[in-house]
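# Secondary and tertiary structure notes
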Amino acid sequence: MGTAAARRWDTGDIPARQQYEAWQHVLQNVYGAWEVVKPARPDFNAQMTHHAIGGFQIVDCICDPCAAKRTRAEINRDGRESLTIQLVLSGRETIAIDDKPIDLGAGDVLIWNSIRPMSFSVEERLHKISVTMPLARLRSWLPAGWHSIANSLPCVSPGATLLSSVIGSLSPAFLAGTLRNSDALTESVLGILVNVLGVDQKAEPVTLRGSQLLLVKDYIEANLGNPDLSLAMVAQAKRISVRYLHALFEDEGITVQQHIIRQRLMRCRRELEDPKMAGRTITDIAFSWGFQNATHFSRRFKAEFGVPPQDFRAEAAAGMRRRAAPVH
């Protein structure tokens, strides 16, 4: 028995005056926070089919020329840490990662993560399929070299050919709802990616400071459920001073405590929109991720996501019912 099939979205179902706002909303809902540039053409058209289970998501997107960017501000706002493999089926797109341009055409593969600033500009009506997974899983596969993997594979390369075959075979079944083990899918796709890239797992980190920051984040992630998690506890575990811990986060544009709270809120958000967690109370979920006061959690959640947790959960459940409804 499969899971609910994918959700389909089309500008053709939306009044013309609302299409741009709707495009912004669906883009940010599916890919995270982006600063979207309003398309120059009034007859902008786009279609998207997407489905997610756990941290594994596949998106089939067709769109007219458009553009958007994801700066440090957007990265800090949504707190997502994901890895995406994108296969271009047709059209042309220019991507800039850390201000380095990458031109993509049919058959090319792009590999990007949500914690690096980037922008995109669709130059010619584009059709692409994107597979998104938790970035933490790539870190587990490549603890020393995940940050230095290639960002793109040209269509003529054996790696792009193999990934194209895998994505092309996997996406129809996943979008149809017949595949449901997100962990197995993540590990399978990452295993192929790592072999395609031929990454040297013994490669040294780019900087000692960057490596220390990643280790600190990994420790925080592993201990988010501990209500006693403190800056002193993190610093002691990583054998650094609290002062140096603060310094590690200076370039992130966020304090250590803000990072901890945001990560806890993100975990709570994921469980509040997970139908498998419907039997748990909001307070139980909040306390399981380290919050100790229900009122404080509710206030923090609304400040971060714009709605109280109970409203968010109700909206997520309503959206799930709409996605499960038959498409006519």
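The notes below deal with the structure included here. (Residues numbered from 1 in each chain as written. Predicted model: local features only at pLDDT ≥ 70, side-chain atom pairs only at ≥ 80, totals over all residues. Heavy atoms only, no water.)

Moving on to the overall build of the chain. A count of helices and strands for the chain gives twelve helices and ten strands. C-alpha extents for the chain along the principal axes are approximately 55 × 45 × 40 Å. Residues counted as buried form 45% of the 328 residues belonging to the chain. Within the chain, residue pairs in contact and separated by at least 24 positions form 71% of the contacts whose partners lie at least 6 positions apart. By element, 53% of the accessible surface of the chain is carried by carbon and sulfur atoms, the whole surface being about 16200 Å². Of note, the chain has its 38 positive side-chain charges centred 5 Å away from the centre of its 34 negative side-chain charges. (Helix = DSSP H or I, 4+ residues; strand = E, 2+ residues; numbered from the N terminus. Buried < 20%, exposed > 50% of the residue type's maximum accessible area, 1.4 Å probe, protein only. Contact = heavy atoms within 4.5 Å. Areas by Shrake-Rupley, 256 points an atom, 1.4 Å probe, with all protein chains shown as cover. Lys, Arg positive; Asp, Glu negative; His and termini not counted. Charge placed at Lys NZ, Arg CZ, Asp CG, Glu CD.)

Attention now moves to the packing of helix 9 (residues 256-272) against helix 11 (residues 294-305). The relative placement of two packed helices comes down to the angle between their axes together with the axis-to-axis distance. At a minimum axis distance of 10 Å, the contact between helix 9 and helix 11 shows a crossing angle of 90 degrees. Compared by their axis directions, helix 9 and helix 11 come out roughly perpendicular. Along its contact with helix 9, which presents Ile 261, Arg 262, Leu 265, Met 266, Cys 268, Arg 269 and Leu 272, the element helix 11 presents Phe 297, Arg 300, Phe 301, Glu 304 and Phe 305. By residue class, the composition of the contact of helix 9 with helix 11 is eight nonpolar, no polar and four charged. (Axes fitted to C-alpha atoms, helices over the stretch in contact; angles between N-to-C directions. Parallel < 35°, antiparallel > 145°, perpendicular 65-115°, else oblique. Nonpolar A, V, L, I, M, F, W, Y, C, P; charged D, E, K, R; others polar.)

Taken together, the five bridges between strand 6 (residues 82-97) and strand 7 (residues 100-104) define a ladder with antiparallel strand orientation. Bridge pairing in strand 7 places Thr 94 opposite Asp 103. (Pairing = 2+ DSSP bridges.)

Turning our eyes to something else, we now look at unusual backbone geometry. The phi dihedral of Arg 239 is positive, around 60 degrees, even though this residue is not glycine. As for its position among the elements, Arg 239 is in the loop between helix 7 (231-237) and helix 8 (242-248).

Now for the environment of His 259. Its location among the elements puts His 259 in helix 9. Exposure remark for His 259: the relative accessible area of 7% places this residue in the buried category. Look past the residues within four positions of His 259 in its chain and what remains in contact with it is Glu 81, Lys 217, Ile 220, Phe 249 and Ile 254.

A few words on the pattern of salt bridges. Considering all chains together, one arrives at eleven salt bridges under this definition. Lys 128 is the salt-bridge partner of Glu 93, the closest N and O atoms lying 4.0 Å from each other. Residue Glu 93 is found in strand 6, and its partner Lys 128 is found in strand 9 (residues 118-134); the two are separated by 35 residues along the sequence. An identical accessibility class is assigned to Glu 93 and Lys 128; each is buried. (Salt bridge = Lys/Arg side-chain N within 4 Å of Asp/Glu carboxyl O.)

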